[in-house]
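One-letter residues, chain by chain:
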Protein chains: 2
Amino acid sequence: MGSDYAPVSEIMGAIRAFDHLPDNTSIEIIFVGDEKRIGLELDKHKPTKLRYSVCHADEIVLMGDEATIALKKKRNSSIFKGLELHRNGEADCFMSAGNTGATMATATVLMGRIKGASRPTIGSFFPTEKESPALVLDVGATVDHQSRFLYEYAVMGSIYYKQMMNVDRPKVALLNVGEEKSKGTEEVKKAYGLLMESDLNFIGNIEGRDIFNGKADVVVCDGFTGNIILKLAESFFGFFKTKVKQYADKSIINKVKVALTVPTLRDVSKGLDYQEYGGVPLLGINGVVIIGHGKSSPIAIENMIYRAVEIIRSDVNKKIEEALN
Amino acid sequence: MGSDYAPVSEIMGAIRAFDHLPDNTSIEIIFVGDEKRIGLELDKHKPTKLRYSVCHADEIVLMGDEATIALKKKRNSSIFKGLELHRNGEADCFMSAGNTGATMATATVLMGRIKGASRPTIGSFFPTEKESPALVLDVGATVDHQSRFLYEYAVMGSIYYKQMMNVDRPKVALLNVGEEKSKGTEEVKKAYGLLMESDLNFIGNIEGRDIFNGKADVVVCDGFTGNIILKLAESFFGFFKTKVKQYADKSIINKVKVALTVPTLRDVSKGLDYQEYGGVPLLGINGVVIIGHGKSSPIAIENMIYRAVEIIRSDVNKKIEEALN
């Protein structure tokens, strides 16, 4: 209920997914939220293939709410009730395009952490010059950086990437200010040592310029840096479009030139769209939680559903627990 | 001598600057480096307006060299000898498009720090949606983040921005993972407090997405984060061009569409070029040191010369010392 287009994107996305899933699928969606609004939206579409039920929740965690609000005050929110369904085994997964901090905090308390995982972590896919994206983590779950956390992100990210992208030994890199092992803060240098000793396919340090060129499949950094680079990268295309618009506004000739350019730019930028990857995983907790962008479109929600199914089927958490212990 | 196109860019850039400076200018360039190679390059152009002399240096600090190499081993390098000229008062400023770390380390040891400046810092201009760029600092001089350092970067950046961009009270922001003052690491939260109490025009925390939209004139962060976002931002346009090329390679129609697009993209991207700003200052040391990109073109060098003149004339260091004490 707390995403920018809730519950429209959520419901339309689920309908889209069931249009593509096999007719005999055992998958079922539980919509958690205001049953009236959900009912009204469903009435608009009259879906025939969608298998669903509704769990009423009459509170909403807003985007600006504190991370602990669902735990402390809004126990009737869709985030709390949905995660409760997951914890009680009534749902195999919880998905939300709402408040990330609240989803993470509530999930961590309700489900607990995987044994050996010091902190939960959120990954995010960055587009690259190669066919496959790079998974950057942590992108904001934990702002403090400790070498052990960085090592664990690498383990969790590597397992997740392997399962989702069908890459046998994903290339893992440590995001740093230079390639030499002497670079970075004390904790980053220690993390370099831990990663060198590990069984991971660790390719060493990479710099900020190496994320888009796809040198690594899994890029590890602290959540402070990761959150800032994620938001910077997401803003670039909008910034570029503004610059194109400013250029067009300078003269009629420029306007014509830009008009010829726009369809091509739109085509190219499609491949850079975060929505393709359909949400990001919250790793390190005893559950399957997928976090979508606040502005998730129906397509993003649809892709989140496919992703959730893959994660559940591949038993990522069991593999993470084994690797960390 | 250590930049990618040395000494060609350096000499051509100086010639360009003197073509635009008034005929009666008192400015003079001292080229520091291999006198033979410098002589050969000058012979090609036979400049009539350039006022210069040559200081011979027969060693070169390479891009891959350790930051301390000029201090420890290459005392005949152009970096060491050039900074020595500046320290001895024979030059009012030192400029280099060579090894940044070596320039910074050598400058810090030879010139010393400004009283009250705990660490030297390097700033970098980021293009924005507004007319004026944002100065982000630190972009890599110091990877450790302490609240006091962040506060000092804000003071130094604010004074520098004011002088260079003619903005009376530059808007200063702290780069963070959210806008609320409770966000970020302990040191970042402490820095927020220091900035709130200061006389600076502090507008609060900004997120990664706010750099390009020009919310702030001066953006403060630790050198680890700053270095990574600088290199990420610099790589974006190249990444985008690769994606355009990949799109063109898919079909003949796409090739034609892209051919129509390229001149417009080139025009738009001109405004995003780091070379416009001609180098970045090394702030916090007792001297005027400008650091250029390794790939500096003659235009970048030309702009570095204008920038150096502005810094010397506006006595930025004296103002920084007053503000920090």
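For every chain, the first residue of its written sequence is number 1, and the numbers climb from 1 along that sequence. Starting at A for chains and at 1 for ligands, labels are handed out in the order in which the entities are written. In view of the model being predicted, local features appear only for residues whose pLDDT reaches at least 70, and side-chain atom pairs are presented and counted only at 80 or more, with totals across whole chains, interfaces and linings using the full set of residues.

A separate point is the sheet that holds strand E8 (residues 218–220) of chain A. Residues and elements named next belong to chain A. Strands are labelled as partners when DSSP assigns at least two bridges between them. Only DSSP runs of H or I with at least four residues qualify as helices, and only runs of E with at least two residues qualify as strands; both kinds are numbered from the N terminus onward. Judged by pairing direction, the sheet is mixed, and its eight strands sit side by side in the order E3-E10-E9-E4-E5-E8-E6-E7 without closing on themselves. Whereas interior strands pair on both sides, the edge strands pair on one side only; in this sheet they are strand E3 (94–96) and strand E7 (201–206). Strand-to-strand twist across the sheet, computed as the mean angle between neighbouring axes with direction ignored, equals 25°. Sheet topology note: the strand E4 (residues 121–126)/strand E5 (residues 134–137) ladder contains four bridges and is antiparallel. Within the sheet, the bridge partner assigned to Phe126 lies in E5 and is Ala134. Along the sheet, helix H5 (residues 100–111) contacts E3, E4, strand E9 (280–283) and strand E10 (289–291); its crossing angle with E10, the most-contacted strand, is approximately 170°. Here an axis means a line fitted to C-alpha atoms, over the contact stretch when the element is a helix, while the angle between two N-to-C directions is reported on a 0 to 180 degree scale. Two residues qualify as a contact pair if the distance between their C-beta atoms, derived from the backbone, is within 7 Å.

Here we take up the nonpolar core. By our criterion, buried Ala, Val, Leu, Ile, Met, Phe, Trp, Tyr and Cys residues that link up through C-beta atoms within 7 Å make up a nonpolar core. With C-beta atoms placed from the backbone, the exposure class of a residue follows from how many other C-beta atoms lie within 10 Å of its own: 20 or more, buried; 12 or fewer, exposed; in between, partly exposed. Ranked by internal contacts, the top residues of the largest apolar core, which has 204 residues, are A:Val219, A:Val220, B:Val219 and B:Val220. Discounting chain neighbours no more than four positions away, the residues touching B:Val219 are B:Ala134, B:Val136, B:Ala173, B:Leu175, B:Ile206 and B:Ile211.

Residues and elements named next belong to chain A. Delimitation of the domains relies on an automatic or database domain assignment. Domains assigned within chain A are domain 1 (1–117 + 284–312) and domain 2 (118–246). When each unit is reduced to the centre of its C-alpha atoms, the spacing between domain 1 and domain 2 is 27 Å. If you look at the interface, domain 1 gives eight residues, while domain 2 gives ten residues. Amino acid classes used here: Ala, Val, Leu, Ile, Met, Phe, Trp, Tyr, Cys and Pro are nonpolar; Asp, Glu, Lys and Arg are charged; the rest, including Gly, are polar. The residue makeup of the side of domain 1 that touches domain 2, split by class, is four nonpolar, two polar and two charged.

Moving on, we come to the relation of the copies chain A and chain B. Overlay of chain A on chain B (RMSD 0.0 Å): rotation 180°, translation along the axis 0.0 Å. Both copies are brought into coincidence by an operation consistent with a two-fold rotation axis. Copy-to-copy alignment: least squares on C-alpha atoms, limited to residues at pLDDT 70 or above in both.

Turning to the sheet that holds strand E8 (residues 218–220) of chain B, a few remarks are in order. Within a sheet, neighbouring strands are paired by backbone hydrogen bonds and run either parallel or antiparallel to one another. Residues and elements named next belong to chain B. The strand order across the open sheet formed by eight strands is E3-E10-E9-E4-E5-E8-E6-E7, and the pairing between neighbours is mixed. Since the sheet does not close on itself, it has two edges, and those belong to strand E3 (94–96) and strand E7 (201–206), each with one partner. Pairs of neighbouring strands in the sheet enclose a mean axial angle of 25°, with direction left out of account. For strand E6 (residues 171–175) and E8, the ladder comprises three bridges, and the chain directions are parallel. Counterpart to Ala173 in the pairing with E8 is Val219. Set on the sheet, helix H10 (residues 298–314) makes contact with E3, strand E9 (280–283) and strand E10 (289–291); between it and E10 the angle comes to about 150°.

Now for the pairing of E6(B). All names here are of chain B. Most of E6 sits inside the fold, with five of its five residues counted as buried. Burial of the side chains of E6 extends over both faces: Lys171, Ala173 and Leu175 are buried on one face and Val172 and Leu174 on the other. Direction of pairing for E6 relative to E7: parallel, over a ladder of five bridges. In the strand pairing of E7, Leu174 is matched with Asn205. The path from the first strand over the helix to the second decides the hand: if it runs clockwise while the strands point away from the viewer, the crossover is right-handed. Crossover connection from E6 via helix H7 (residues 186–197) to parallel E7: handedness right-handed.

Next up on the list: the packing of helix H8 (residues 223–248) of chain A against helix H9 (residues 252–270) of chain A. All names here are of chain A. In the contact formed by H8 and H9, the axes pass within 9 Å of each other and the chain directions differ by 165°. With respect to H9, the axis of H8 lies roughly antiparallel. In this structure, H8 meets H9 at a crossing whose hand is left-handed. Residues Phe237, Val244, Tyr247 and Ala248 of H8 pack against Asn254, Lys255, Val258 and Ser269 of H9. Comment on the angle field: the value is read as roughly parallel under 35 degrees, roughly antiparallel over 145, roughly perpendicular from 65 to 115, and oblique elsewhere. Crossing handedness is read from the near helix: turned anticlockwise from the far helix by less than a right angle, it gives a left-handed crossing, and turned clockwise, a right-handed one.

Residues and elements named next belong to chain B. Inspection of the secondary structure puts Ser124 in strand E4 (residues 121–126). Using a count of 26 C-beta atoms within 10 Å as the deciding quantity, one classes Ser124 as buried. The spatial distance from the C-alpha of Ser124 to the C-alpha of Val139 is 6.7 Å, given a sequence separation of 15 residues. With residues near it in sequence (within four places) discarded, Ser124 still touches Val136, Val139, Leu230 and Val280.

What follows deals with H8(A). In this analysis, the expected span of each helix is defined as 1.5 Å times one less than the number of residues it contains. If you check H8(A), its first and last C-alpha atoms are 38 Å apart, about what 26 residues at 1.5 Å a residue would give, namely 38 Å. The largest bend in H8(A) comes to about 30°, at A:Phe236. A residue's bend is given by the angle between axes fitted to the 7 residues ending at it and the 7 residues starting at it.

Of the residues lining the interface, 39 residues belong to chain A; the matching set on chain B comes to 39 residues. For the side of chain A that touches chain B, the secondary-structure elements that each account for two or more residues are H8 and H9 of chain A. Here the element with the most residues in the side of chain A that touches chain B is H8(A); it accounts for 17 residues. Considering only residue class, the side of chain A that touches chain B consists of 19 nonpolar, eleven polar and nine charged.

What follows covers helix H10 (residues 298–314) of chain A. Residue and element names in this part refer to chain A. The terminal C-alpha atoms of H10 lie 25 Å apart, and with 17 residues this matches the ideal 24 Å at 1.5 Å per residue to within 8%. When we look at burial in H10, the residues that qualify are Ala300, Ile301, Glu302, Asn303, Met304, Ile305, Arg307, Ala308 and Ile311. If you follow the buried residues of H10, they end up packed against helix H1 (8–20), E3, E9, E10 and helix H11 (316–324). Where H10 terminates, the next one or two residues include Asp315, which has phi positive at roughly 55°.

It should be kept in mind that the predicted coordinates are not to be read in detail where pLDDT is low. Looking at chain A as a whole, the pLDDT averages 93, with 98% of positions reaching at least 70. Two summary scores accompany this predicted model of the complex, namely pTM at 0.91 and ipTM at 0.90. Per residue, pLDDT measures the predictor's confidence, with a range of 0 to 100.

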